[in-house]
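# A look at the structure
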Amino acid sequence: MNIDFNKQGGLIPAIIQDAKTDKVLMLGYMNQEAFEKTQKDGIVTFFSRSKQRLWTKGETSNNFLHVVSIANDCDEDTLLIKVNPDGPTCHTGADTCWNEKINEGQAGWLNYLKSTIRDRKNNPSEKSYTASLFEKGTNKIAQKVGEEAVELVIEAMDSNDDLFKGEAADLLFHYLVLLEQRGIDFDEIIDVLRKRHK
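Residues numbered from 1 in each chain as written. Predicted model: local features only at pLDDT ≥ 70, side-chain atom pairs only at ≥ 80, totals over all residues. Heavy atoms only, no water.

### Re the overall build of the protein chain
Within the protein chain, the secondary structure is distributed over six helices and six strands. Listing the helices and strands of the protein chain from first to last along the sequence gives β-β-α-β-β-β-β-α-α-α-α-α. Over its C-alpha atoms, taken along the principal directions, the protein chain stretches across nearly 60 × 45 × 35 Å. In the protein chain, which comprises 198 residues, the proportion classed as buried is 34%. When contacts within the protein chain are restricted to residue pairs at least 6 apart in sequence, long-range pairs at least 24 apart make up 50% of them. For the protein chain, the exposed surface amounts to about 12,300 Å²; the carbon and sulfur share of it is 50%. (Helix = DSSP H or I, 4+ residues; strand = E, 2+ residues; numbered from the N terminus. Buried < 20%, exposed > 50% of the residue type's maximum accessible area, 1.4 Å probe, protein only. Contact = heavy atoms within 4.5 Å. Areas by Shrake-Rupley, 256 points an atom, 1.4 Å probe, with all protein chains shown as cover.)

### Focus: empty space enclosed by the protein
Using the criterion set out here, one finds one cavity of 30 Å³ or more in the structure. Computed from the structure, the largest cavity encloses a volume of approximately 60 Å³. In this structure, the largest cavity is lined by Lys114, Ile117, Arg118, Leu176, Leu179, Glu180, Ile184, Asp185 and Phe186. Those elements giving two or more residues to the lining of the largest cavity turn out to be helix H2 (109-122) and helix H5 (161-182). For the lining of the largest cavity, the residue count by class is five nonpolar, no polar and four charged. (1 Å grid on protein atoms, 1.4 Å probe; cavity = no way out; pocket = protein on both sides within 12 Å on 5 of 7 lines; lining within 4 Å. Points joined across faces, edges and corners; volume = space filled by probe spheres on them. Nonpolar A, V, L, I, M, F, W, Y, C, P; charged D, E, K, R; others polar.)

### Structural notes on the domain arrangement of the protein chain
Frequently, the measure chosen for interface size is the accessible area removed from exposure when the parts meet. Along its sequence, the protein chain is carved into domain 1 (11-85) and domain 2 (106-197). Taken over C-alpha atoms, the centre of domain 1 sits 33 Å from the centre of domain 2. (Domains from an automatic or database assignment.)

### Re the pattern of salt bridges
In this structure the tally under the stated criterion is 13 salt bridges. The salt bridge partner of Lys23 is Glu100, with a shortest N-O separation of 3.7 Å. Of the two residues, Lys23 is situated in the loop between strand E1 (12-18) and strand E2 (24-30) and Glu100 in the loop between strand E6 (79-85) and H2; the sequence distance between them amounts to 77 residues. The buried category is assigned to Lys23, whose relative accessible area is 15%. Residue class for Glu100 comes out partly exposed when judged on its relative accessible area of 32%. The partner of Glu59 in a salt bridge is Arg53, and the shortest N-O contact between them spans 2.9 Å. (Salt bridge = Lys/Arg side-chain N within 4 Å of Asp/Glu carboxyl O.)

Okay, here's the thing in structure tokens:
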């Protein structure tokens, strides 16, 4: 990864994003030493402009930011670091430095679920329910989606919201498994919906 630390006086911005929800958590700055420490430790370390030293996020609060991936932008002078946070990111105690809740608008979490489903397909384990579905093939997965849809319809006729939400979650999960089995990304379905919306 080529990073141009000289362009902005030795510091580059690092955008920190929650790997599961895609929420932007904070913006910090890194020099080369902070970047190398982040890569080595797997925990985000910045260069603090106020303290004029390396600063590992969470060193006093224990709210560490565990690195999932690091990407450089097209100009090679800004980083996007996806993380799994241990707790609130902002020093105020908020989830993000913009006072947003991580769980608001959780649709982004579907990307995490999709990647987990894909991983279970590509790296099956005997203990994984998801891997066992892929082993049974398309017909069985499609049948399972049908069963879950019927169960959701039945619960829709009742007034138990918890059971209804449980069946809705089951249907969505098995639907995503079916899409993965067919090699179709959920984003392609969203594209169809967007075209219909015009």
